[in-house]
Amino acid sequence: MGEDPFDTHALRSRVLDAWAASPARFREDANAEDDLVRGGYRDRVVVELAQNAADAAARAGVPGRLVLRLTGDLLVAANTGAPLDAPGVESLATLRASTKRDDAAATAGRFGVGFAAVLAVTDEPRIASRTGGVRWDATAVRHEVESVRSLRAELERRHGQLPVLRLPYAWSTPPPADATTVVELPLRDAGARDLVVRLLADVDDALLIALPALEEIVVEVDGVRRVVSDAGDWQVVHRSGRLEPGLLADRPVEERDRPVWSVAWARPLRGQPVPGTVHAPTPTDEPLDLPALLVASFPLDPTRRHVAPGPLTELLVNEAAAAYVDLVGGVEDPAQRWGLVPAAVPVGRLDGRLRAAIVTALAGAPVLRTVVGGPVAPRDAVSVVGLGDRALSAVSEVMPGLVTDHPALERLGGRRLGVADAVDLLADLDRTPAWWRDLYAALAEGPVDPDALGALPVPLADGRLVRGPRGAMLPGDDLPEELSPLGLRLVHGDAAHPLLTRLGASTATARTVLARGEVRSAVESSWDNPDPAALAEVVLSLVAAAALRPGELPWLGALRLLDEEGDPASADELLLPGSALAELGAPGELGVVHPDLVLRWGSDTLAALGVLADLTVAEVQDLLLDPAAVDDDAPLPALADWVEWALELLAPVDLPPTVRAVRGIRELDVVSDDSWPDALSRLADDLDLRSALLDPVPVDLGATGRAEVPSHAAWWLRTRALLGGHLPGEWRVPGATGLAGLYDELAELPGVDRAVLAAAGVRTSLEDVLAEPGGADELLDRLADPDRTVPDETLRAVYLALARVDPDTVHPPETVRVSAEGVVPAVDVVVVDAPHHLQLTWPRPPLVVPLSAATALAEVLDVAPSSQRAPHAVRGGELRDVPAAVLEVLDGAPATWREHDDLVLAGHEVGWWVDPDGTVHAATLDGLARGLAWAAGRWADRLLVAAVLEAPDRAGELLAERALEG
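What you see is a predicted model; the values in this text were computed from it and never measured.

This brings us to the overall build of the protein. When you go through the protein residue by residue, the secondary structure sums to 36 helices and 42 strands. What you see for the protein is a C-alpha radius of gyration of 62 Å, clearly larger than the 30 Å of a compact globule of 966 residues, by over 25%. For the protein, the C-alpha atoms occupy an extent of roughly 190 × 85 × 45 Å along the three principal directions. Counted over contacts in the protein with a minimum sequence separation of 6, partners at least 24 positions apart contribute 66%. When the accessible surface of the protein is summed, it comes to about 43800 Å², and 50% of that surface belongs to carbon and sulfur atoms.

Let us look at the pattern of salt bridges. Within the structure shown, the criterion is met by 44 salt bridges. A salt bridge links R416 to D405; the nearest nitrogen and oxygen atoms lie 2.8 Å apart. Remark: D405 occurs in the loop between α13 (389–395) and α14 (408–411) and R416 occurs in strand β17 (residues 415–417); sequence separation between them is 11 residues. A salt bridge links D926 to R930; the shortest N-O distance between them is 3.0 Å. In this pair, D926 and R930 both sit in helix α34 (residues 925–935), four residues apart, roughly one turn of the helix. Residue classification places D926 among the partly exposed positions, given a relative accessible area of 38%. The exposure class of R930 is partly exposed, given its relative accessible area of 25%.

Strands sit in the order β37-β38-β42-β41 across an open sheet of four strands; the sheet is mixed. Two strands in the sheet have a free side with no partner beyond their single neighbour: β37 (878–881) and β41 (912–914). Direction aside, the axes of adjacent strands within the sheet are offset by 30 degrees on average. Both strand β38 (residues 896–899) and strand β42 (residues 920–922) contribute to a ladder of two bridges, which runs parallel. Counterpart to E899 in the pairing with β42 is A922. Strands in contact with α34 are β38, β41 and β42; relative to β41, the strand with the most contacts, it is inclined by about 15 degrees.

Here the focus is the pairing of strand β6 (residues 181–186). Looking down a regular strand, the side chains alternate between one sheet face and the other. Of all six residues in β6, five are buried; the element is thus mostly enclosed. Pairing geometry for strand β2 (residues 74–79) and β6, over six bridges, is antiparallel. Within β6, the residue paired with A77 across the bridge is V183.

Spatial strand order, β5-β4-β3-β6-β2-β1-β7-β8: eight strands in an open sheet with mixed pairing. The two strands at the open ends of the sheet, each matched to only one other strand, are β5 (169–170) and β8 (224–228). Looking at chain direction, strand β1 (residues 64–71) and β2 are connected through six bridges and run antiparallel. What sits directly across from L70, in β2, is L75.

A separate point is unusual backbone geometry. The residue D222 is not glycine, and still its phi comes out positive at about 50 degrees. Topologically, D222 is positioned in the loop between β7 (214–221) and β8. One non-glycine residue, A906, adopts positive backbone phi at about 50 degrees. Note on placement: A906 falls in the loop between β39 (904–905) and β40 (908–909).

Okay, helix α6 (residues 149–157) next. Buried within α6 we find L151, E154 and L155. The buried side chains of α6 occupy one side of the element, clustering within an arc of 100 degrees when seen end-on. Exposed and oriented more than 90 degrees from the buried face of α6 are R149, E156 and R157. Downstream of α6 by a residue or two, H159 has a phi angle that is positive, lying close to 55 degrees.

This part takes up the packing of aromatic side chains. Here the distance between the centres and the angle between the planes together describe a pair of aromatic rings. The tally for this structure, following the rule as stated, stands at eight aromatic pairs. Judged by centre distance (4.9 Å) and plane angle (90 degrees), the rings of W435 and W436 are edge-to-face. The pair W435 / W436 is uniform in exposure class, with both members buried. Through pairs of rings, three or more aromatic residues link up here, namely W435, W436 and Y440. Taking NZ or CZ as reference, R600 lies 4.2 Å from the ring centre of W601, over its face. Lying over the aromatic face of W716, R720 brings its terminal NZ or CZ to 4.3 Å of the ring centre.

Let us look at the pairing of strand β30 (residues 731–737). In terms of strand pairing, β30 meets strand β31 (residues 744–745) through two bridges, oriented parallel. Within β31, the residue paired with W731 across the bridge is D744. As judged from the two bridges shared by β30 and strand β32 (residues 763–765), these two strands associate in the parallel manner. Bridging across to β32, R732 finds its partner in R763.

Moving on, we get to a negative patch on the surface. On the surface, a cluster of negative charge is contributed by D806, D808, E859 and D862. Structurally, the position occupied by E859 is in helix α31 (residues 851–861).

Each value, and the rule that gives it
- Residues numbered from 1 in each chain as written.
- Predicted model: local features only at pLDDT ≥ 70, side-chain atom pairs only at ≥ 80, totals over all residues.
- Heavy atoms only, no water.
- Helix = DSSP H or I, 4+ residues; strand = E, 2+ residues; numbered from the N terminus.
- Rg over C-alpha atoms; globule rule 2.2 N^0.38 Å.
- Contact = heavy atoms within 4.5 Å.
- Areas by Shrake-Rupley, 256 points an atom, 1.4 Å probe, with all protein chains shown as cover.
- Salt bridge = Lys/Arg side-chain N within 4 Å of Asp/Glu carboxyl O.
- Buried < 20%, exposed > 50% of the residue type's maximum accessible area, 1.4 Å probe, protein only.
- Pairing = 2+ DSSP bridges.
- Axes fitted to C-alpha atoms, helices over the stretch in contact; angles between N-to-C directions.
- Arc of directions from axis to C-beta.
- Phe/Tyr/Trp six-rings, centres within 6.5 Å; stacked < 30°, edge-to-face > 60°.
- Lys NZ or Arg CZ within 6 Å of the ring centre and 35° of its normal.
- Patch = residues over 30% accessible without salt bridge, like charges linked within 9 Å, V, L, I, M, F, W, Y side chains within 5 Å.
- Lys, Arg positive; Asp, Glu negative; His and termini not counted.
- Charge placed at Lys NZ, Arg CZ, Asp CG, Glu CD.

As structure tokens, then:
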């Protein structure tokens, strides 16, 4: 090639002449180049080299190849394509005057200023093609400028800064054999090299996408080589078109000559990083926080770093949004598709505008796939938060536009429903039970929220569709097939699924069904049922399947059945033929269950239902001892009356006592008056019945402790059973201590032992009678019965026992027995409380009891002791000393006494007396002995004293004998 094919000398001369003629022009060119180097192109040297290589390839119509080699402090860029020509050299040396106007659709460069980027790293750039080459040299330019007088002062003011690229010089070095053009940049310093190293490291697939004319970029740094040659790991979408002239009205002339636009989106397929800026087509400073690279022909501001606002930018934003829809539509994986939806928060003005346009475009485009595979636009789509794929598939047929849920759906105008909202949409569906079971199975595969699924429709066995599993029942293994008369929420067998149990349904066994309130209500209203036979069939089938024991559910006895005559009756008013209760009950008072029912269901099932068959034990738990609190449906007859009776046995308490459990015998009210001996025999023989009778009931008295009361069965027998026409309490068992003459002896009852008789109230001992409330009053009433003959030993025992009773618990009697056959008015009764009072003649025979009990008994009977009615003192008598021998044997004896020849007191001749002050009077030696013993409080020693008085010298002998008594 020639020495200067591009006539660089002529170019320099024209520029220098222009500067010499107008130093202001020099200053303008210098400022413009400085702005580019320090501003818009300060770190774009590699990108601009690549862009020029791409433009050269596009103009030549050949695959673009660029080699970027850094060796030491020299950066070399060699590329294929159209070679450098004179217009190109002029463009490189002329600021803001691109020569690419004729190649508008094929080239990336638009302004003719990009090459200025090299000045950021070098002062001596050079470029050559096979057609020739040019170079620039800051030192040479300075010499040229200094030679012009008019420019020296300006150069001095600029501290040496001048427009290097305006003055090109010829350069004759040819490019490498495999390249068309080569650019050599001797780097200015270490800082320039560091910048180039960093920029070369940033070269990746994104640059190929931004510059599609390039097919390969080779980067070599100090011998380490890498090749960027395949953008196939990116999904790329292109759009382009021509611009209306009006959109370019506010743009520079150079741009108005290029009336085309282009947009490209590129999404990495292998996890490559996405540049965080908009490319136009090379990187700008506009931040972009989207998961794809955007390359678009946005208009730029003078810094070439930012997109200029205006109608052209708005057009490209909308076109970019449309291209983005194509990008999303080309993604098969739904999760990746959702990942392309822009987030709500922008990182810049242009980013925000792009996001808004993309969201609007995506909302109306069929970029989503329904769960059944059809296309749907997001704004027409609906999702259900929290449903798995199988559940979504199950409900998709009733929810058009149903898609897999993602939070971004709402940003695109779609609806996101909660599970509860989706459940509401299912309420009116007409589907088979099996369809519902499949739905439950699908729902069970994900997390189950009972609140969200609380209104889930459930098909019932009776054909109804109800809302909500709570309260519904799944059929168990032992459940009869036909339960419709009960009106239960029984899940259809084909719809049953464990999910319903997790949501509040229960498993319906025969027992759990019988525990339902609906069943109880149906039984208790069976007399109003239009088909009582069907209801009885269902209930009996449940009782049989549940293997109930008699009395477990006492309310079942209200079920309407038929008796042997075909008349209706409640189950608990019917007897089983040949049963124990049929023998114990009064003939004719209760009906007998229809024989067909016995044949169909058997005795055990009918007895469990409540048909009377045998004596059975029932239990009431957690009972408050308050008659008003007793449930009318309690399984024990007259339970409130037992509670009231028990309270009478207990000491008064501030709060009602409580009982953990009361066991009793349910059918005692059926036993006829004549059948009680047989009933007692059964109670004695059966361990469970016996326990229910004999075991006392523990009572919790709260802060005051615990107590026990007799059982409910014991109370019932004591108050209602008849033995020989009388209540048990009117009889005594044979050999009962202290009760002879008061109670008639009960004839022996075969098989009934003493413990059962005692529990029933038959009297077994005096102590047992007194231990019962009102026992003392009962004894006094029986003692006062003039038709009874009470043996002296019974009378003595009863009065001794009564003397130990609290007088406040006894009602004073109107008549009192004073002897085996003597009963007198209480007002005439005198209880002898001193031995000398026996010498008096009383209007009525006195009541003589042991002196130790006399005073207490008088208080219990509310009668006078003899000391209150006897004369108080005796006058006269000779004062005598008590013999020393008596004083020796009788501690506490008085020292003196008064002797009388005849002792008469209130007309009564007596042998001795003791005044209230302790003075002893006596008319006989035996009377003296008695008086001294009583006065000394040693009444039991009266005979000893009498012996000593008869033979004083025997005092020692008599004392020794007394010592033998212990």
